[in-house]
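So you can see what is in the structure, the chains are spelled out below.
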Amino acid sequence: MLIRLEKYNGFGYEMYHKVNSPYLWGGSDFYSKGAYLELKENNYKTKWYGDKISDQLGTAVILKRMEQLGKVTVAKS
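Residues numbered from 1 in each chain as written. Predicted model: local features only at pLDDT ≥ 70, side-chain atom pairs only at ≥ 80, totals over all residues. Heavy atoms only, no water.

(A) The arrangement of helix α4 (residues 59-68) in detail. Considered for burial, the residues of α4 that qualify are Thr59, Ala60 and Leu63. Viewed end-on, α4 has its buried residues packed into an arc of 100°, placing them on one side of the element. Packed against the buried residues of α4 are α1 (2-9) and α3 (22-25). Gly70 sits one or two positions beyond α4 and adopts a positive phi of about 80°. (Buried < 20%, exposed > 50% of the residue type's maximum accessible area, 1.4 Å probe, protein only. Helix = DSSP H or I, 4+ residues; strand = E, 2+ residues; numbered from the N terminus. Arc of directions from axis to C-beta. Contact = heavy atoms within 4.5 Å.)

Written out as structure tokens, the structure is:
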């Protein structure tokens with residue numbers, strides 16, 4: 001499931017920067033820093049910022065909490 005979620009967002013974090021994606025791991029101990037941003041001053045083109053810390057919760061973090069609350073069942077592989 002997590003591979004599908006990361007595929008939707010893109011594999012650039014791991015492929016080009018060797019960091020875990022905040023799209024999956026934001027708000028957890030598995031993510032520390034680094035993010036792609038679309039900024040107005042860059043004509044909304046995506047650019048890598050290695051020191052940026054994402055403040056969004058990652059999808060893996062959200063799914064884990066939903067599982068703990070009994071809202072979803074996540075298959076173990």
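(B) Structural context of the pattern of salt bridges. In this structure the tally under the stated criterion is 2 salt bridges. Between Asp51 and Lys33 there is a salt bridge, with the nearest N and O atoms lying 3.3 Å from each other. A residue pair is termed long-range when its members are at least 10 positions apart, and Asp51 in the loop between β2 (46-49) and α4 and Lys33 in the loop between α3 and β1 (35-38) qualify at 18 residues. Judged by its relative accessible area of 62%, Asp51 falls in the exposed class. Of the charged contacts, one joins Lys64 and Glu67 as a salt bridge, the two residues approaching to 3.3 Å between their closest N and O atoms. Here Lys64 and its partner Glu67 are both found in helix α4, 3 residues apart, which amounts to about one turn of the helix. For Lys64, a relative accessible area of 44% corresponds to the partly exposed category. A relative accessible area of 22% means that Glu67 is categorised as partly exposed. (Salt bridge = Lys/Arg side-chain N within 4 Å of Asp/Glu carboxyl O.)

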